Structures are given as C-alpha cells and as structure tokens.
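Residues per chain, in single letters:
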Amino acid sequence: MPGGIEMKESMEMELTPKFAKKKIFEGEGGSYHSWSATEFPFLAQAKVGAGILVLKPGGFALPHYADSSKVGYVLQGENGVTGMVLSNDKKHSNQEIVLGLRAGDVIPVPIGAVSWWYNHGKSDLVIVFVGETSKAYVPGEFTYFLLTGAVGILGSFSSQFTSRAYNMNQKGADILAKSQKGSLIIKLGEEERKNIPFPKQDDNCNSWVKNIANLPADFYVEKAGVLTSFTGSNFPFLEEVGLSCKILKLEAKAMLSPTYNADSSFQVFYVVKGSGKVEIVGLNGKLALDTKIESGQLVIVPRCFVVAIIACDQGMECFSITTSTEPSVAELASKHSALNVLSSSAVQLSLDVNEEFLKSFKQKIAKSEVLIPPMS
C-alpha cells in the first residue's frame, strides 16, 4: 500500500544534524572540509551538498571548477577576494570578474565557473558553501577540478598534447605542467601577494555579491529576530545557480514558527552562531527530528516537511539555501497561515473545538508573526 511505502521511506530519513568531518585538504594556506554523503546519507537523497573553506592570511585557493552549483556565505573575514570566469555566461565568458568579500556576503557560484579565492586580510577568511548536487559525480558531495597544481588538469596531459595546445616547446610544456607543486590551497609570499588583483568597486556593489547588511529584512520582530531572503527577484545572479538563500537571526529563546516549502523544494540550514532546538514533522504527521543544534552543524529539511526552531539563551544565526530561486514558503502558526485564512467553520470542524476556543484561537493567530519573541 502507498501508506506503507511512505512510512518506510520516512523511517529511512536520517536527519540528525552533522558537522563537516571530511577533510579534503589542510595545509599552511588553509583548509577545506565537507559533509560526507557516507556519514550523512540524506545528502545524497536530497541531492544537496556543503563544504567549508578556510583561508589563512595569504592563503590562495588555486583556480578550479566544480560539478555542482552552490552559494557561498562569508562567515568571517574582511578582505577576501575571488576571481571568477563564468563559462556558461556568454556575456561575461571571456572576462575575469574580481570581487571583494567580507563577513555577511552572499556569492553564488554557478556550475562550471572557474574561480580562485584569496585572503588579503590579517585574520582567517571562512566561507561556507551550500548547493545542489543533482548533476554531481558523487550524490550529496561537490567534486572539484583543479586547473593547475599537483592534482591539476594541466599536469596530467602528456607533454605532446600540452606543447601543441599552448604552442610551446617541450621545455615550456614541462614548466607549465610541473612548476606548481601545491595542491588546492597554497600560501603566498610577501612579493606574490602584491600581484593579486584588487576588486573593482562597481563589480562588487552591483550584480555579483550582496551583503546581508545592505538588503532590507523580510521580517523583523522586536526581541524575536530578523529574517532576510536572497531570491532571484532581489539577487538575479542566483538564477545562474537555481537556488535561493536566507539569513535567520534569532534572539535569545526566540522562535521560528512552523513553516514548510509549498513548492516541494529542499531546505538546508547551516548553524553559523549559537545553538537551539529544532523539530521537523513529516510523513503521516510523524516527528522526524527533535534535537539540539549548534554552531557548525548542517540540517536538511525534506520536501514539504514542517520545521520549527527555538534559540537557546545566547540566540542563534543560521544560513540556509533552498533548491528553488523563488521558493514558496507556507506558515502554519502566523497570521499568514492557512489556519487563519480558512473559514471559521472549516477550522472549527478540523480541530473539533467549541466556538469559545475557536474565537480565542483565531484572535491569537491573527496577531502572530513567523518570528516569535520569548515567552514572558
């Protein structure tokens, strides 16, 4: 029976929040860790992935592209730089876009785009990347292709091919392919750092990068928090990656009331700061997750499942992506919810309550927002 199949699928959904434990690279210039689909199987089922890039001062991530689209959120740092060539964008395919990065910035990275990343600052530059992996070689994980370095593409072709492709003699081909001994992330010397291009102010302020501080909030509730959305409407570059994202900041003991994505898209939360409690309700009205979440953990909300979060004493901040550029978010406990909009008779019958309770319920829900302050 279909109900039996749904229940079986629900039981197989392991949604426990996870940390990024898979070390892809760690060196003098920085590190890259990701969430493993082996340890977190639902990543593969949801076709989403995530990783964290840390660049030390002077750290340089070699040019690369990936098999997945993603969105980066700068967690820390004030003087980051990225250079990007948008291979699938005819208008900008033959130019490098150099962008400045600082804490609070959101930057989409389309599939196949070649990019390098550098830290001009005096403290670590930390960026979390979250995206979809529907076209990935490893479901639930990003696969990177480096152009240069110890595991780079140029070093793998034979000198016969390299010399002809780049119109060089044998010696030149060997230099091109073998000079860079580093892999993924290197640390630049003082003289090398001077050659890294600085971003153009007009590029940084227009189409490619947006900062949470420069975008009006969708919701602000005193003593509750702020919710800011980046979608295809207010950030058109997100159309290139097929994703949207949100920044949620909850005050101490405040709540994100129950919501779900009505367009059947997946949502992925990364806890930036603080901690809290999350509950997710899914198939057949069953509680699919009830646990504490803390800084550094990743949480996936399955399609159409309902999620609610309550912050702990220190509050919390979350960055989330949705696998849609214009997600349709439905609320269950606010003035915008169906329970407030539906006719009183329909609500009364569905709840099986008397008129006095219904009247009180309707009055309270009509004043409720999606962000709820602590209980007095």
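As the structure is a computational prediction, the values presented were derived from the model and not from experiment.

Reading the values: the criteria
Residues numbered from 1 in each chain as written. Predicted model: local features only at pLDDT ≥ 70, side-chain atom pairs only at ≥ 80, totals over all residues. Heavy atoms only, no water. Phe/Tyr/Trp six-rings, centres within 6.5 Å; stacked < 30°, edge-to-face > 60°. Helix = DSSP H or I, 4+ residues; strand = E, 2+ residues; numbered from the N terminus. Buried < 20%, exposed > 50% of the residue type's maximum accessible area, 1.4 Å probe, protein only. Lys NZ or Arg CZ within 6 Å of the ring centre and 35° of its normal. Lys, Arg positive; Asp, Glu negative; His and termini not counted. Salt bridge = Lys/Arg side-chain N within 4 Å of Asp/Glu carboxyl O. Contact = heavy atoms within 4.5 Å. Pairing = 2+ DSSP bridges.

K.L.:
Would you mind showing me how to read the packing of aromatic side chains here?
P.N.:
What describes a pair of aromatic rings is the distance from one ring centre to the other and the angle between the planes of the rings. If you walk through the whole model with that rule in mind, you get 12 aromatic pairs. Geometrically, the ring pair formed by Tyr65 and Phe145 is stacked, given 5.1 Å between the ring centres and 10° between the ring planes. Of this pair, Tyr65 sits in strand E5 (residues 59-66) while Phe145 sits in strand E12 (residues 144-146), placing them 80 residues apart in sequence. Note on Phe145: relative accessible area 26%, which makes it partly exposed. When the centroid spacing of 6.5 Å and the interplanar angle of 80° are considered together, the rings of Phe142 and Tyr144 count as edge-to-face. Accessibility expressed as a relative area gives 22% for Tyr144, which makes it partly exposed. One cation-aromatic arrangement involves Lys70 over Phe142; the distance from NZ or CZ to the ring centre is 5.4 Å.

K.L.:
Can you help me understand the side chain of Glu317 in this one?
P.N.:
Relative to the elements of secondary structure, Glu317 occurs in strand E22 (residues 306-322). It turns out Glu317 is buried and unbridged, and the closest side chain with the opposite charge, Lys273, is 4.0 Å from it. With sequence-adjacent residues up to four places away left out, Glu317 is seen in contact with Tyr73, Ile247, Leu248, Lys249, Tyr270, Val271, Val272 and Lys273.

K.L.:
Is there a simple way to explain the pattern of salt bridges in this structure?
P.N.:
Should their charged atoms come close, side chains of opposite charge can pair. Enumeration over the complete set of coordinates arrives at nine salt bridges. Of the charged contacts, one joins Lys277 and Glu279 as a salt bridge, the two residues approaching to 3.5 Å between their closest N and O atoms. Given a relative accessible area of 33%, Glu279 falls into the partly exposed group. Each of Lys277, Glu279 and Asp290 takes part in a single network of salt bridges with overlapping partners.

K.L.:
Is there a simple way to explain unusual backbone geometry in this structure?
P.N.:
Glycine aside, the phi torsion of most residues is negative, and most peptide linkages are trans. If you check the backbone angles, Lys253 has positive phi at about 65° while not being a glycine. With respect to the element layout, Lys253 can be found in the loop between strand E17 (244-250) and strand E18 (255-261). Even without being a glycine, Asp352 presents a positive backbone phi close to 60°. Within the secondary structure, Asp352 sits in the loop between helix H8 (344-351) and helix H9 (355-365).

K.L.:
I'm lost on the sheet that holds strand E11 (residues 125-132) in this one. Help?
P.N.:
Pairing is antiparallel in the open sheet, where seven strands are placed in the order E2-E3-E4-E11-E6-E9-E14. Pairing within the sheet leaves two strands with one partner each, and these edge strands are strand E2 (22-27) and strand E14 (210-211). One ladder, built from two bridges, connects strand E9 (residues 105-109) with E14; its direction is antiparallel. Counterpart to Val106 in the pairing with E14 is Lys210.

K.L.:
I tried to follow the pairing of strand E8 (residues 97-101) on my own but got confused; where do I start?
P.N.:
Working note: regular strand, side chains alternate between the two faces of the sheet. With five of five residues buried, E8 lies mostly within the body of the structure. Residues Ile97, Leu99 and Leu101 of E8 are buried on one face, and the alternating residues Val98 and Gly100, pointing to the opposite face, are buried as well.

K.L.:
Just to check I follow, could you spell out the environment of Ile97 for this structure?
P.N.:
Within the secondary structure, Ile97 is located in strand E8. Between the C-alpha atoms of Ile97 and Trp208, which are 111 residues apart in sequence, the distance is 8.7 Å.

K.L.:
How should the pairing of strand E16 (residues 225-230) be read in this particular structure?
P.N.:
Among the six residues of E16, five are classified as buried, and the element is accordingly described as predominantly covered. Two elements, strand E15 (residues 219-221) and E16, share three bridges in a ladder whose sense is antiparallel. Across the sheet, the residue bridging to Val221 is Gly225, located in E16. The turn linking E15 back onto E16 is made up of three residues, and Lys223 within it adopts a positive phi angle of 70°. Alignment of E16 against E17, held across six bridges, turns out to be antiparallel.

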